[in-house]
Amino acid sequence: MNHYYLKYISRYIIIPEDKTTVRMFPGDEGTLKIPIENPTKLPIPNGELTLFFYGPDEAMAMIDQQTNKQGIYTSNVAVLGQQKVMHHTRVKALKRGIVQLRTIEYTIYDFINSGKVRLGYRGRFRGELIVYPSLVLVQGLQQIMQRNQGERPKNHSVHEDVMMAMGTRDYSPGDPFNRIDWKATARTNSLQTKIFETTTILKWCVIVNIQSADVKRQTINNLEQVLSHVAYTLQFATKHQVSYELFINMRGPRGPFIHLPIGSGKDHLLKALELLARVSKSTVLTNSSEMLQFVRVNSNEHTFFLHFGALNREDQLVYKQWELDGATIYRVYSNAEAGQVLSVGGELDEADRP
């Protein structure tokens, strides 16, 4: 009976969902949910779920659970007949990175623990834990945004949001007829003109060079610090309704570098933070000058550039030419706890020297 029980019930155990993703910042706690469904009438009183996690950067740790050095996590999971259970694995984010759930195994024991069957999952369900970079302050962003608006009004024009009325004022000759607030006019017995919120249209191009000048190293020494400053800058841009695109000289699935097209809003920010989380020290990098050539050719509408990471002399020469063509370029200096926005030029950092 035990033999036929294991043979029968092993045919029907399923994991119904396709993918689950947990997104966190360092220090956050979350829950990875694994669904297991038993459509038969027979219960599974003795089941053991084994999860194999792959995270070379050790960005995550189990809470109140034991895992071995190979990232294997085991837990007892019982499933009654015709029941779907959701197994919860509590995790804590330690640092930036990606952790993937690579393999799932479910071991079913018979009623007297004399036999067992081990099921290896081969379906489409995938689990992933994404730990975003920490947000570390960058000083000077507010000042350069205000300065840029004043110096380049033709590229950063101020518009009015007709959906956000602030109030009214006395009518002035030349005010458009459709701006008159007739209710306020009737109430005050004098012509009143509507006043709307002003919105500033800005576009930033964020360039990140993570390649080290030291031939013995692939990425820069302060990689985590640089990515944290990038994350803060992108959050700042989102908060102030600034559109931006992102370039990272790390080879991606579709080209020699990572490129997030122009966009804005919270969804765009989440995409950018996920790209930053996937940056790895062992990845293949592209020369920054090759990436800058593409940026300039395909970003002609941008006149505002922010450079993060290493800045070599070739990049400086390219930026100087861009400035002669009318572009505004700043570099975020990341060799301190708080990032600092500086003009491109001057001496190179120790980390940038060949």
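Heads up: the structure comes first, above all this text.
Quick caveat, the model's predicted, so the values are computed rather than measured.

How would you explain the nonpolar core if you had to name every residue and give the values?
Residues Trp204 and Leu246 are the most contacted members of the largest nonpolar core, which totals 42 residues. For this core, the secondary-structure elements that each account for two or more residues are α2 (141–151), β13 (202–209), α4 (223–239), β14 (242–248), β15 (258–263), α5 (266–277), β16 (304–309) and β17 (328–333). In this structure, leucine 246 is in contact with Val206, Val208, Val230, Leu234, Ile258, His259, Leu260, Ala272 and Leu276, ignoring residues within four places of it in sequence. The next biggest cluster of nonpolar side chains, apart from the first, holds 31 residues, and it includes Ile9, Leu32, Ala59 and Leu101.

Tell me about the sheet that holds strand β2 (residues 29–38), and please be specific about residues and values.
Read across the open sheet, the three strands follow the order β2-β6-β4; overall the sheet is antiparallel. Each edge of the sheet is formed by a strand with only one pairing partner; in this case those strands are β2 and β4 (60–62). Each strand axis lies, on average, 40 degrees off the axis of its neighbour in the sheet, ignoring direction. Sheet analysis places β2 next to strand β6 (residues 83–93), joined by 10 bridges and oriented antiparallel. Paired with lysine 33 across the bridge in β6 is histidine 88.

Please set out the side chain of threonine 89 residue by residue, giving values where relevant.
Positionally, threonine 89 belongs in strand β6. Of the polar contacts made by the side chain of threonine 89, one reaches the side chain of histidine 87; its length is 3.5 Å. When near neighbours in sequence (up to four residues on either side) are disregarded, threonine 89 contacts Gly30, Thr31, Leu32, Leu51, Met62 and Tyr73.

Help me get a handle on the pairing of strand β9 (residues 126–131), residues and values and all.
In terms of burial, β9 is a largely internal element, five of the six residues being buried. Bridge analysis of strand β1 (residues 19–24) against β9 gives six bridges, and the strand direction is parallel. Bridge pairing links lysine 19 to arginine 126 in β9. Summarising the sheet, strand β7 (residues 97–109) and β9 pair through five bridges and their orientation is antiparallel. What sits directly across from valine 99, in β9, is leucine 129.

Before we move on, could you go through the sheet that holds β17 and cite the residues and values that matter?
Spatial strand order, β10-β18-β17-β16-β13-β14-β15: seven strands in an open sheet with mixed pairing. The sheet is open, and its two edges are formed by β10 (138–139) and β15, each paired on a single side. Where β13 and β14 come together, seven bridges link them in parallel fashion. Considered in β14, the bridge of cysteine 205 is made with glutamate 245. Contacts from helix α6 (residues 288–298) reach β13, β14, β15 and β16, with the element oriented near 165 degrees to β13.

Just give me the short version of unusual backbone geometry, but keep the residues and values in it.
With a phi angle near 65 degrees, asparagine 189 is a residue other than glycine that sits in the positive phi range. Looking at where asparagine 189 falls in the secondary structure, it is placed in the loop between α3 (182–188) and β12 (192–200). According to the relative accessible area criterion, asparagine 189 is exposed, its value standing at 73%. Even without a glycine there, the phi angle at glutamine 241 is positive, about 60 degrees. As for its placement among the helices and strands, glutamine 241 is situated in the loop between α4 and β14. In this structure glutamine 241 comes out as exposed when scored by relative accessible area, which is 55%.

Conventions used here
- Residues numbered from 1 in each chain as written.
- Predicted model: local features only at pLDDT ≥ 70, side-chain atom pairs only at ≥ 80, totals over all residues.
- Heavy atoms only, no water.
- Core = buried A, V, L, I, M, F, W, Y, C linked by side-chain atoms within 4.5 Å.
- Buried < 20%, exposed > 50% of the residue type's maximum accessible area, 1.4 Å probe, protein only.
- Helix = DSSP H or I, 4+ residues; strand = E, 2+ residues; numbered from the N terminus.
- Contact = heavy atoms within 4.5 Å.
- Pairing = 2+ DSSP bridges.
- Axes fitted to C-alpha atoms, helices over the stretch in contact; angles between N-to-C directions.
- Polar contact = N/O pair within 3.5 Å; in protein donor to acceptor, adjacent residues only side chain to side chain.

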